[in-house]
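What follows is the residue order along each chain.
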Protein chains: 2
Amino acid sequence: MSDAPAPFIPIDAPGPVCVLGLGLIGGSVLRRVADAGGPAFGYNRGTATVAAATADGYRASDDLSGTLAAAEAAGALVVVATPAPTVPAMFAAIAEHAPTCAVTDVVSVKQEVAAAAATAGLTHRFVGGHPMAGTAESGWAATDPDLFAGAIWVVQTDDGVDPAIWRRVTALAHACGADVVAAASDEHDRAVAAISHLPHVLAATLAQIGGAGGELSLRLGAGSFRDGTRVMATAPDLVRAMCEANAPALLDATSEAIDTLIAARDALRDTGDTGALFRAGHRDRLRFEAITARRVPLAEPVGPDGWEARLRAAGRRGHTWRDVPGQV
Amino acid sequence: MSDAPAPFIPIDAPGPVCVLGLGLIGGSVLRRVADAGGPAFGYNRGTATVAAATADGYRASDDLSGTLAAAEAAGALVVVATPAPTVPAMFAAIAEHAPTCAVTDVVSVKQEVAAAAATAGLTHRFVGGHPMAGTAESGWAATDPDLFAGAIWVVQTDDGVDPAIWRRVTALAHACGADVVAAASDEHDRAVAAISHLPHVLAATLAQIGGAGGELSLRLGAGSFRDGTRVMATAPDLVRAMCEANAPALLDATSEAIDTLIAARDALRDTGDTGALFRAGHRDRLRFEAITARRVPLAEPVGPDGWEARLRAAGRRGHTWRDVPGQV
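Residues numbered from 1 in each chain as written. Chains lettered and ligands numbered in written order. Predicted model: local features only at pLDDT ≥ 70, side-chain atom pairs only at ≥ 80, totals over all residues. Heavy atoms only, no water.

S.K.: An account of the side chain of B:Thr67 is needed here, citing residue identities and associated values.
M.R.: Residue and element names in this part refer to chain B. Relative to the helices and strands, Thr-67 is located in helix 3 (residues 64-74). Look at Thr-67 and you get buried, because its relative accessible area is 4%. Apart from residues lying up to four places away in sequence, Thr-67 is in contact with Cys-18, Phe-41, Gly-42, Tyr-43 and Ser-61. (Helix = DSSP H or I, 4+ residues; strand = E, 2+ residues; numbered from the N terminus. Buried < 20%, exposed > 50% of the residue type's maximum accessible area, 1.4 Å probe, protein only. Contact = heavy atoms within 4.5 Å.)

Structure follows, in structure tokens:
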């Protein structure tokens, strides 16, 4: 026996990847993995997207069952990247045409997707994911292999998820240049309701109130209005699909926002004072900046008893996860 | 008599300029005017700022009465650029030490400033202004002579304002690279409550709800949270001073936001539908983008009977104002 430390064996390649849905997120995953030399191919319902992806040199098809048969033959990791309402249909197709493939997704909610995976009988080979990246644009034309560089990619870490598939999903995230945060599905959904879906609700509210002021009001809109409404440039159907899929958590977050605003309005009316509101807002913005600036990857082994809880606890402290030296 | 059109005589120089308060806005005005060769000098209470401005080659002093005496001697346009709560004291000093100077300001509310000008007996020589530019930073170190390039500069156009001083204030705005929009004080205050102050209230709300989710939530914050909370990076006392000075209009805008959010929350709870919210938000964001993209300067003469109402009507249609050829 040597006393030398075990060699660092990174799981740095996700193996073959099959992406269903070649919009902004799915298309960017396909491009990144294929550009890095990994076997990667994709399906999209719309033939225009398939033609565009093919013209750009990527393997894409509008034949869902054929694409999934190829995934099964290759032992690919299937990545579901279609809008939330279509996920159950994708899972049903996977159950039929790719009966042994590992499966993940990139949808912005996790409980509803996990429930759909259960309905399709996929739970034992499914580990969800959510790359926290996006732009106001959408579609193949907006895809970018570097979209995920430095982004957070949440990987579903509910009790009982398969550690081998969990590591394969993290390998995909790392291959895309993202940092991995472990979270349970419900924790994830509460968090994204607050920091991703509520911003869309508030942006829509702000845009409407600016618009109600007419051309003078909109003409005066500058940096704070531009930033505060930016996400409303996105097609409303995409925003709807994302937010409605997380309705229970978004309801709570919206009610919290209403309570906060009522308290702020009453304080302004009764005392003329906005200090409490803005001090708290400033404090939490600085907390956000600080946690974004320090990326402390935490090495936690995947697989031993209780690993899911340990990784989730690290995620709750804001730590990202990385490969553990010596771990296969 | 010639049939040739009257020559274009732009009033392109504001003449000597005296800036009170050398923070982000005031300091940037001083730099821009001085860099363009115009006589310009400034006052700041804090000696560190005066030292920094002087070291950068600008004329700055911490002697308020001496600076105003110099403004009076030079026939300068005095620009009040101190925080809103200190404006009455500045006006009182101007009344005492610069008894004939034209006066403007760059504060983000106009009714309260106009009232303070009246209290100090300055109404006949005061025309307020509001450059719609800013960053999350503050202080002399953040000043930038190009801060106002392409920005909107609202110029107060209440009935009875002096047309010669109005044109001198617009000349300052144009010298700073901004576009001028004419508006009455109350119209301005309602508009900026919606598109400038409410964004700060909503950003503080969003930051707090993200923060309440702890480190996991903040760690997942990406583009929509970053943009939606950006203005909370500003020192909270500056935000307070700005918002509290516009309390009546901000109360109304905040109540509108609460009503909109309650309707959105109830629709999500009762029908699962967010379509109306996001379609309206998308529509008004596109209206904002469209009006920002098309800058149609409207030439309206300043001075003839009813000019204030005609310019305000143009502002309500979102038009900017420019010099009229042949006008002195």
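S.K.: I'd love a proper account of the relation of the copies chain A and chain B, names of residues and values included.
M.R.: Superposition record for chain A on chain B: RMSD 0.0 Å, screw rotation 180°, translation along axis 0.0 Å. In the structure described here, the two chain copies are related by an operation that fits a two-fold rotation axis. In this assembly, 100% of the residues forming the interface of chain A have copies in chain B that are likewise at the interface, indicating an isologous arrangement. (Least-squares fit on C-alpha atoms with pLDDT ≥ 70 in both.)

S.K.: Lay out the confidence of the model for chain A in plain terms, naming residues and giving numbers.
M.R.: Mean pLDDT over chain A: 92, with 94% of residues reaching 70 or higher. A low-confidence stretch, residues 1-10 of chain A (pLDDT under 50), is modelled with 10 contacts involving residues beyond four sequence positions or located in other chains. (pLDDT = per-residue confidence, 0-100.)

S.K.: So what's going on with the pairing of strand 1 (residues 17-20) of chain A? Which residues, and what values?
M.R.: Side chains on a regular strand alternate between the two faces of the sheet. Residue and element names in this part refer to chain A. Burial along strand 1 is two-sided: the residues Val-17 and Val-19 and Cys-18 and Leu-20 are all buried. Pairing between strand 1 and strand 4 (residues 77-80): four bridges, direction parallel. When the sheet's bridge partners are listed, Val-19 is paired in strand 4 with Val-79. Where strand 1 lies against strand 2 (residues 40-43), four bridges are found, and the strand directions are parallel. Bridged to Leu-20 within strand 2 is Tyr-43. (Pairing = 2+ DSSP bridges.)

S.K.: Any details on the packing of helix 7 (residues 185-212) of chain A against helix 7 (residues 185-212) of chain B? Residues and values, ideally.
M.R.: In the contact formed by helix 7 of chain A and helix 7 of chain B, the axes pass within 10 Å of each other and the chain directions differ by 165°. Overall, the two elements helix 7 of chain A and helix 7 of chain B adopt an arrangement that is roughly antiparallel. For the crossing formed where helix 7 of chain A meets helix 7 of chain B, the hand is right-handed. Across the interface between the two elements, A:Ala194, A:Ile195, A:Leu198, A:Pro199, A:Leu202, A:Leu206, A:Ile209 and A:Gly210 from helix 7 of chain A touch B:Ala194, B:Ile195, B:Leu198, B:Pro199, B:Leu202, B:Leu206, B:Ile209 and B:Gly210 from helix 7 of chain B. When its residues are assigned to classes, the contact of helix 7 of chain A with helix 7 of chain B shows 14 nonpolar, two polar and no charged. (Axes fitted to C-alpha atoms, helices over the stretch in contact; angles between N-to-C directions. Parallel < 35°, antiparallel > 145°, perpendicular 65-115°, else oblique. Left-handed = near helix turned anticlockwise from the far one by under 90°. Nonpolar A, V, L, I, M, F, W, Y, C, P; charged D, E, K, R; others polar.)

S.K.: Tell me about the sheet that holds strand 2 of chain A, residues and numbers included.
M.R.: Spatially, five strands are ordered 3-2-1-4-5 (chain A) in an open sheet, and the strand pairing comes out parallel. For this open sheet the edge positions go to strand 3 (60-61) and strand 5 (103-105) of chain A, each flanked by a neighbour on one side alone.

S.K.: Quick one: what's the story with the sheet that holds strand 2 (residues 40-43) of chain B, residue by residue and with numbers?
M.R.: Residues and elements named next belong to chain B. The strand order across the open sheet formed by five strands is 3-2-1-4-5, and the pairing between neighbours is parallel. Each edge of the open sheet is held by one strand with a lone partner, namely strand 3 (60-61) and strand 5 (103-105). Packing of helix 6 (residues 163-175) onto the sheet brings it into contact with strand 1 (17-20), strand 4 (77-80) and strand 5, and relative to strand 4 it is tilted by some 65°.

S.K.: Please set out the pattern of salt bridges residue by residue, giving values where relevant.
M.R.: Taken as a whole and assessed by the stated rule, the structure comprises 30 salt bridges over all chains. Put simply, B:Arg287 and A:Glu215 hold a salt bridge, and the shortest N to O gap is 3.0 Å. With B:Arg287 in helix 12 (residues 275-293) and A:Glu215 in helix 8 (residues 214-220), the pair connects residues from two separate chains. Residue classification places A:Glu215 among the partly exposed positions, given a relative accessible area of 27%. In this structure, B:Glu300 engages B:Arg310 in a salt bridge whose closest nitrogen and oxygen atoms are separated by 3.8 Å. With B:Glu300 in the loop between strand 9 (297-299) and helix 13 (307-316) and B:Arg310 in helix 13, the pair connects residues that are 10 residues apart, well separated along the chain. You can call B:Glu300 buried: its relative accessible area is 17%. Overlapping salt bridges, with partners in common, bring together A:Glu215, B:Arg283, B:Asp284 and B:Arg287 in one network. (Salt bridge = Lys/Arg side-chain N within 4 Å of Asp/Glu carboxyl O.)

S.K.: Which residues make up the nonpolar core, and what values do they have?
M.R.: Counting 82 residues, the largest nonpolar core has A:Leu198, A:Leu220, B:Leu198 and B:Leu220 as its most contacted members. Excluding its chain neighbours within four sequence positions, the residues that come into contact with A:Leu220 are B:Met132, B:Ile152, B:Val154, B:Val181, B:His188, B:Ala191, B:Val192 and B:Ile195. Grouped together as the second largest cluster of nonpolar side chains are 41 residues, A:Ala40, A:Val50, A:Trp166 and A:Leu172 included. (Core = buried A, V, L, I, M, F, W, Y, C linked by side-chain atoms within 4.5 Å.)

S.K.: Kindly report on the packing of aromatic side chains, identifying the contributing residues and their values.
M.R.: Residue and element names in this part refer to chain A. Evaluated as defined, the whole model comprises 12 aromatic pairs over all chains. Between Phe-91 and Phe-126 the ring centres are 5.4 Å apart and the planes differ by 70°, which places this aromatic pair in the edge-to-face class. Of this pair, Phe-91 sits in helix 4 (residues 87-97) while Phe-126 sits in the loop between helix 5 (111-119) and strand 6 (129-131); the two residues are 35 residues apart in sequence, bridging distant segments of the chain. Phe-126 gets classed as buried once you look at its relative accessible area, which sits at 4%. One aromatic cluster is present, formed by Trp-166, Trp-307 and Trp-321 through successive ring pairs. (Phe/Tyr/Trp six-rings, centres within 6.5 Å; stacked < 30°, edge-to-face > 60°.)

S.K.: Can you break down the pairing of strand 4 of chain A residue by residue, with the values?
M.R.: Residue and element names in this part refer to chain A. What you see with strand 4 is no split at all: Leu-77 and Val-79 on one side and Val-78 and Val-80 on the other are buried throughout. Bridge count between strand 4 and strand 5: three bridges; the pairing is parallel. Within the sheet, the bridge partner assigned to Val-78 lies in strand 5 and is Val-103. What joins strand 4 to strand 5 is helix 4, and the crossover it makes is right-handed. (Right-handed = clockwise from strand over helix to strand, strands pointing away.)

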